[in-house]
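# What the coordinates show
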Amino acid sequence: MQIINIVNLLGGLGLFLFGMNYMSKGLSQVAGNKMKSLLEKLTRNRFKGFLLGVLVTAVIQSSSATTVMLMGFLNAGIMDLAQATGVIIGANIGTTITAVLIAIDVSAIAPICIFLGAAMSLFGKKQNQKYIGQIILGFGILFFGLKYMSGDNAMGVLKTSAVFQKFITTANNPVLGIIIGIIMCAVIQSSSASIGILQVLALQGLMPLNFAIYLIIGINVGSAMPLFLSSIGAKTNAKRAALIYFIFDFVGMLIFTPLALLTPFTDWVSGISSNGSVQVAAAHIIFKIVTALVLLPFVKQIVKLSERIIKPVEHESVFRFNYIDTKLSGHDNASVSVVQVGSEVERMSALVRKNYVLACEDLLSGSTEHKNEIQNNEELINWLNHNISDFMVTITSHRITGEASEYIGKLFHVITDLERIGDHALNILQRNEMALENGLDFTGEGMQEIKEIYEKSLELLDRSIGAFVNKQLPDDEANELHFIEDTIDELTLQAQDNHVQRLRDKKCHTASGVVFTKILQDLERVGDHSYNIAWAARKDKALIRQI
């Protein structure tokens, strides 16, 4: 094999890999967000998750990409590992669609696809038309690369190579085949592309199935490599998802290696068709389907095994994200990152609510029992405010549109309101602490007024957060929340008037009255910011209502 043949082979391989990647990205742009939405909503049942994994991966053409999406959802807390496992098993079957397309061999229409796809990509007026053009162009380049690889100036020259012919006719070492397959997939970083190369060789009569089967097994084991790389430094469940993906293919290796060695399996598959490309595709599909059927009933056991192998990590600092995985913030995972941000904001809202309740309950009970906890939570709230904002700036630099873009815009406002509620909770703690240190007392009437406003504002906060989390604020709920906010304002004004009257009647001290008035202002402002959060759940053009 001369240098020119190697250059031609590498050129064809480059076209093939580029076409596959370009087509996959186009498919992700056209259908990716819908697929991600389906993954988010329809994975409660392992069998539905399995079918969904098949569908999503068949559409976006990458089981690794599907699993990376699942890692994001696991981090966001919207699915557990058992649900994700069903999808991973299904994803392994969905990825075989590429081998089917190659086996059909539509390379004759590759030039037409390249012309049509290029025209749509360059001259399409709508963005969706450009994405569809990208899919068609990628499809054409993929098959043009395959045809170029299999030509007489590339792989075709191997037919006349005595060294290669001798090797391939005597090759029957399963260990060697598996190792070559693992290395091949680890280098190319795509099991679909690696299988495609095998199909090209088999089509030329250069890869008999009795050796190709071991390469197929090795390629599938090696397909876990991109996921292991993605999971470096990731959260525990993301690492477990990568391990589960590997377990699938490792179990497949344990099933099919002895099957190929001890049974006429390869003879049976060869009998399906005389076309070597079809034989490789069939063996690949059977590998995936049989392994899936074996493992699907044992999802719980697989999850437990992954939990035993990968132990939870004890984190040294509380100043960290629980749901956001910064390693998955790239363009292809922007919509997953949006889901993670939503979960992190929910976590922030829970901390803010807790601080508000602790500060007010300490005030009402005349103690500062929870001072340290409130101060520690406030530091974490401020950290989340700054770092979530920075992360959202990062993902908005990627192409996110529609509801996801609008949702991120609202989140910027929501976390600002949450941070300010946290500040008011800290204010209440500090005012309570000052009153206790200086022996300032509040009247029973004044404490009852504080209690009533606090309870109303807490109800408004809870219902507002609920509306935003559920992403809906119907008119009747909006009217009720507005009524609660007006009630808080009225109660605050009435409490201030009552305070003035108590001062005139000399029922309270001026110094304690100043603290009392400032506490009222904090409570009233919590109500205002809470209603802002609810208003961010509106679907209309008024994205936010700032008071």
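Residues numbered from 1 in each chain as written. Predicted model: local features only at pLDDT ≥ 70, side-chain atom pairs only at ≥ 80, totals over all residues. Heavy atoms only, no water.

If you trace the backbone, Gly49 turns up in helix H2 (residues 46-60). Given a relative accessible area of 0%, Gly49 falls into the buried group. Distance from Gly49 to Thr85, taken between C-alpha atoms, is 8.3 Å for residues 36 residues apart in sequence. (Helix = DSSP H or I, 4+ residues; strand = E, 2+ residues; numbered from the N terminus. Buried < 20%, exposed > 50% of the residue type's maximum accessible area, 1.4 Å probe, protein only.)

Let us now look at the environment of Leu9. Looking at the element boundaries, Leu9 is found in helix H1 (residues 3-41). A sequence separation of 137 residues divides Leu9 from Leu146, and the C-alpha atoms of the two residues are 9.6 Å apart.

As a further point, take a positive patch on the surface. Residues Lys300, Lys304, Arg308 and Lys311 make up a contiguous surface patch of positive charge. Residue position: Arg308 is located in helix H16 (residues 299-309). In this structure Arg308 comes out as exposed when scored by relative accessible area, which is 64%. (Patch = residues over 30% accessible without salt bridge, like charges linked within 9 Å, V, L, I, M, F, W, Y side chains within 5 Å. Areas by Shrake-Rupley, 256 points an atom, 1.4 Å probe, with all protein chains shown as cover. Salt bridge = Lys/Arg side-chain N within 4 Å of Asp/Glu carboxyl O. Lys, Arg positive; Asp, Glu negative; His and termini not counted. Charge placed at Lys NZ, Arg CZ, Asp CG, Glu CD.)

Time to look at helix H21 (residues 475-504). Taking 1.5 Å as the rise per residue, H21 with 30 residues should run 44 Å; its terminal C-alpha atoms sit 44 Å apart, in good agreement. All buried positions along H21 are accounted for by Glu477, Ala478, Leu481, Ile484, Glu485, Thr487, Ile488, Thr492, Ala495, His499 and Arg502. Buried residues along H21 sit in contact with helix H20 (444-469) and helix H22 (510-535). Positive backbone phi, at 55°, marks Lys506, one or two positions downstream of H21. (Expected span 1.5 Å × (residues − 1). Contact = heavy atoms within 4.5 Å.)

Note that Asp522 resides in helix H22. Setting aside chain neighbours within four positions, we find Asp522 in contact with His424, Asn427, Ile428 and Arg431.

Counted by the stated rule, this structure contains nine aromatic pairs. Consider the rings of Tyr356 and Tyr454, whose centres lie 5.7 Å apart with planes at 65°: the pair is edge-to-face. In this pair, Tyr356 sits in helix H17 (residues 334-365) while Tyr454 sits in helix H20, placing the two residues 98 residues apart along the sequence. On the basis of relative accessible area, Tyr454 is assigned to the buried category, the value being 3%. Ring geometry for Phe442 versus Phe516: centroids 6.2 Å apart, planes at 50°, classification tilted. You can see Phe442 sitting in the loop between helix H19 (402-437) and H20 and its partner Phe516 sitting in helix H22, a full 74 residues away along the chain. No difference in accessibility class separates Phe442 from Phe516, as the two residues are buried. By the ring-pair criterion, three or more aromatic residues cluster together here, those being Phe256, Phe265 and Phe287. The aromatic ring of Tyr407 is capped on one face by Lys471, whose charged end is 4.2 Å from the ring centroid. The ring of Phe516 carries Arg502 above its face, with NZ or CZ at 5.5 Å from the centroid. (Phe/Tyr/Trp six-rings, centres within 6.5 Å; stacked < 30°, edge-to-face > 60°. Lys NZ or Arg CZ within 6 Å of the ring centre and 35° of its normal.)

Note: predicted coordinates in regions of low pLDDT should not be interpreted at a detailed level. This prediction gives the protein chain a mean pLDDT of 82; 84% of its residues lie at or above 70. Helix H8 (residues 162-170) is the least confidently modelled element of the protein chain, averaging 58 in pLDDT, while H20 averages 92, the highest of any element. Between residues 541-547, whose pLDDT stays under 50, and residues either more than four places distant or in other chains, the model counts 21 contacts. (pLDDT = per-residue confidence, 0-100.)

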